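# Structural features, examined
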Amino acid sequence: MVKEKIKSKGSVRRNIARKSNFRYALIWQGMVIGVITGGIISLFRLLLIKADQLRTGLVAFAGQGVAHALLAALVMLVLVLIIGLLLRWEPESTGSGIPQVEAELLGKKDMNWFKVLVSKILGCALSIGGGLALGREGPSIQIGAMVGKGFARSRKRVLTEERYLMSCGAGAGLSAAFGAPLAGTIFCLEELYRNFSSEVLLSTMTAAVSADFVAAYIIGLDPVFGFQINHTLPLRYYWFAMILGVILGLFGSLYNRTIAKMQDIFDGIAQAANRIARMWFKRKHLNPRTGKLEQSLDIGTFAKLGTGLLMSYICFFLYPVTLGSGNNLVGQIAEGQFALKALVLLLLVKFIFSTASFGTTAPGGIFLPLLVLGAITGGVYSGVLEGLFGINGEYIEAFVVLAMAGYFAAIVHAPVTGVVLITEMTGDFRTLLPMVLVSLIAFVISESLGTEPIYTQLMHRSSGARYETPKKRKSIIDDIIYPGSHMDGKRIMDMGLPLGALIISVIREEEEFIPDGHTILRGGDVIEVLSREGDLAEVEQIIEKRCKKVEL
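Below is a summary of the structure that appears in this document. (Residues numbered from 1 in each chain as written. Predicted model: local features only at pLDDT ≥ 70, side-chain atom pairs only at ≥ 80, totals over all residues. Heavy atoms only, no water.)

### What to know about the side chain of Lys-350
The criterion, for reference: Secondary structure elements follow DSSP: runs of H or I no shorter than four residues count as helices, runs of E no shorter than two count as strands, and numbering proceeds from the N terminus. Residue burial is assigned from relative accessible area. The probe radius is 1.4 Å, only protein chains are included, and a residue is buried under 20% of its type maximum, exposed over 50%, and partly exposed in between. Residues scored as charged are limited to Lys and Arg (positive) and Asp and Glu (negative), so that His and the chain ends carry no count. For this document, the term salt bridge refers to a Lys or Arg side-chain nitrogen within 4 Å of an Asp or Glu carboxyl oxygen. Residues adjacent in sequence count toward polar contacts only when both atoms are side-chain atoms; beyond that, a polar contact is any pair of N or O atoms within 3.5 Å, and within protein one must be able to donate a hydrogen and the other to accept it. Note on contacts: a residue pair qualifies if any of its non-hydrogen atoms lie within 4.5 Å across the two residues.
Relative to the elements of secondary structure, Lys-350 occurs in helix H13 (residues 340-359). Within the buried set, Lys-350 has no salt-bridge partner at all; the shortest N-O distance to an opposite charge, 9.5 Å, is to Asp-52. A polar contact of 2.9 Å, which involves the side chain of Lys-350, links it to the backbone oxygen of Gly-324. Setting aside residues up to four positions removed in sequence, Lys-350 forms contacts with Ala-133, Thr-322, Leu-323, Gly-324, Ser-325, Gly-326, Val-372, Leu-373 and Ile-376.

Structure below.
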């Protein structure tokens, strides 16, 4: 007991000592993580390009006759088995990966960084190669975060620093995936931390720029969406942009609810498959945790993957344009290559297929698929305006860009990241004003409908923590007391922090002092909270509710 107390005090001492002088250390470490992440994500992107090419060849092969179609079906079955085994090997590689990163930063998970790296890269490439409508951005963020975690663990960094380095890797992953270093930086501030921190800003920006440099050297400097906006939207048409924002807010809310429904449907498929299988195979095993006999056969993951890839196989013959992430569709839509009826059909099928693809829990993100859906929506909206009001179809490029940003804001609830991301991906700043307008309206509409941000929704849905090491580590959280919040003018003891957390420092008007329970906090104060890893989520929730929400 005495040894544990001494060890705990040593952990606190190391956190405080490291926290006081590691800002500049984070910068050079961020650069190293950025370079490593940039190299890994570049190879990952090349692997995905190859997977797309192989799928295109498989689609053409399957259409040559019955025998060829059967061989293609066999290939899809092999993909189901391989992806399923990868998910069995490392369950945390399922889905986007962003909810897992957010959960780990809150102390709810402790992922095996090496296993996630391997299974995520291979699983995502095989899933997209099999035709599922998934993207590379979420996996890239998780891969980058695991690079940061691996770096921290290999150098035995304290938990506070490990969390910062994971953020560096996450920002670097998004930057390398899309050639968007600013969006990678802002994503970490707006989505992962939801708080401005100079440590996060400086280190993540360094990592993001380094990753983008490496990716540009390997992949090239061309924007991801390489079309040009030849006609920007005139001010007299901004009313139509505002209406588009309302539509996107409603559509984004529908998307988030459909994602949840699709997950319910595929969970039902998994449960039904397990019930049927266990009727035939009654083998049981002894659970070492509970000491009870339980059914050992679990084919639910394979059933979900099989259903998704069966849908993909059907699209081989009926509608191959919907296969994969679909980023090539954005340029085609912006150039007006689709008629209005074709766009409406594409929107309907792509919406169902992309949400179903995510319901399979296959490794893959939703950034690109939702941006593609936004682009299709913009194309449909432009076509409707042209038909009803005679608005020139030359503005379709502008409406495509506006719809992508607005749809992102409505779904992710990160409007700043969306605006910066689309701007960097298109390489055009002329639509910045209407893009901000559409994004803000879409965000407000979606939030007013009670729509939960997609990654928060997915994190809450996850099965809970999977700890692989004892949770005795501690971390320091930096945050700010908003003027007008519940804690503005209240004593520290009124904050209601758990026993595993303590405010160790308050910075007021650039002067730092050590508080006690009777210290009255003021709006604008920066607080440093020392917390046990297991209490991080509760501490973050209390800070969000009592320190960052303004009370009227």
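### Things to note about helix H8 (residues 181-193)
Put simply, the test is: To estimate how far a helix should reach, multiply one less than its number of residues by 1.5 Å. Fitting one axis to the seven residues ending at a residue and another to the seven starting there, the bend at that residue is the angle between the two axes.
The terminal C-alpha atoms of H8 lie 17 Å apart, and with 13 residues this matches the ideal 18 Å at 1.5 Å per residue to within 8%. Along H8, the helix axis deviates most sharply at Phe-187, where the bend reaches about 30°. For H8, the tally of buried residues reaches 10 of 13 residues, placing the bulk of the element in the interior. Residues Pro-181, Ala-183, Gly-184, Thr-185, Phe-187, Cys-188, Leu-189, Glu-191, Leu-192 and Tyr-193 constitute the buried set of H8.

### Regarding helix H3 (residues 66-89)
An α-helical turn contains 3.6 residues, so any two residues separated by three or four positions project in the same direction. In a regular helix each residue adds 1.5 Å, so 24 residues correspond to 34 Å; H3 covers 35 Å between its end C-alpha atoms and thus fits that length. Inspection of H3 places Ala-69, Ala-72, Met-76, Leu-79, Val-80, Ile-83, Gly-84, Leu-86 and Leu-87 among the buried residues, and these make up the whole buried set.

### A word on the pattern of salt bridges
Tallying each qualifying case throughout the model produces 15 salt bridges. We note a salt bridge from Asp-110 to Arg-153, for which the minimum N-O separation is 3.1 Å. Of this pair, Asp-110 sits in the loop between helix H4 (98-105) and helix H5 (113-129) while Arg-153 sits in helix H6 (residues 137-154); the two residues are 43 residues apart in sequence, bridging distant segments of the chain. Look at Asp-110 and you get buried, because its relative accessible area is 2%. A salt bridge links Asp-535 to Arg-532; the nearest nitrogen and oxygen atoms lie 2.9 Å apart. The exposure class of Asp-535 is buried, given its relative accessible area of 11%. Residues participating in the shared-partner salt-bridge network are Glu-104, Asp-110, Lys-149, Arg-153 and Glu-162.

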